[in-house]
Amino acid sequence: MPTYDYECQECHHQLEAFHAMSADPLKDCPECGKPALKRQIGTGAGLLFKGSGFYQTDYRSDSYKKSAAADASKPASSSKKETKS
Ligand SMILES: [Zn+2]
């Protein structure tokens with residue numbers, strides 16, 4: 001299970017928490033009791049990468065779909081010619 005660093009935006013109390021990626025992030029600060037916890041980018045970097053990676057994958061799959069559709073609309077032999085010239 002990944003470790004997450006949290007910092008309270010109210011009292012700046014810092015803590016580490018273990019929980020599953022699918023679990024909801026912590027909100028309530030154990031120090032001041034306010035729902036001001038914010039997950040820090042550090043050990044959670046993998047999660048951030050996952051976020052930006054999702055965008056890239058989405059973008060790529062969209063253009064892939066378009067090129068795949070273009071390829072499908074013409075015979076394989078003509079697309080070979082186009083790549084050569
Ligand atoms: Zn706090």
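Details of the structure are given in the entry above.
In this text the structure is predicted, and so the values were computed from the model without any measurement.

Here is what the cut-offs are and how they apply
- Residues numbered from 1 in each chain as written.
- Predicted model: local features only at pLDDT ≥ 70, side-chain atom pairs only at ≥ 80, totals over all residues.
- Heavy atoms only, no water.
- Phe/Tyr/Trp six-rings, centres within 6.5 Å; stacked < 30°, edge-to-face > 60°.
- Lys NZ or Arg CZ within 6 Å of the ring centre and 35° of its normal.
- Donors = N, O, S within 2.8 Å, 3.2 Å for Na, K, Ca; no water.
- Tetrahedral: all angles 85-135°; square planar, octahedral: opposite > 155°, others 65-115°.
- Helix = DSSP H or I, 4+ residues; strand = E, 2+ residues; numbered from the N terminus.
- Buried < 20%, exposed > 50% of the residue type's maximum accessible area, 1.4 Å probe, protein only.

Draft legend 1. The packing of aromatic side chains, seen in detail. Within the structure shown, the criterion is met by 0 aromatic pairs. In this structure, Arg39 is placed above the aromatic ring of Tyr4, and the distance from its NZ or CZ to the ring centre is 4.7 Å.

Draft legend 2. The coordination of the zinc ion, seen in detail. Binding of the zinc ion to the protein goes through Cys8 (SG), Cys11 (SG), Cys29 (SG) and Cys32 (SG), at separations of 2.3 Å. Metal-centred angles of 105 to 120° between the 4 donor atoms at the zinc ion mark the site as tetrahedral. Here the donor residues of the zinc ion are spaced in sequence according to C-x2-C-x17-C-x2-C. Within this pair, whereas Cys8 is found in strand 1 (residues 3-8), its partner Cys32 is found in the loop between strand 2 (14-18) and strand 3 (37-39), the two being separated by 24 residues in sequence. In this structure Cys8 comes out as buried when scored by relative accessible area, which is 0%. Given a relative accessible area of 33%, Cys32 falls into the partly exposed group.

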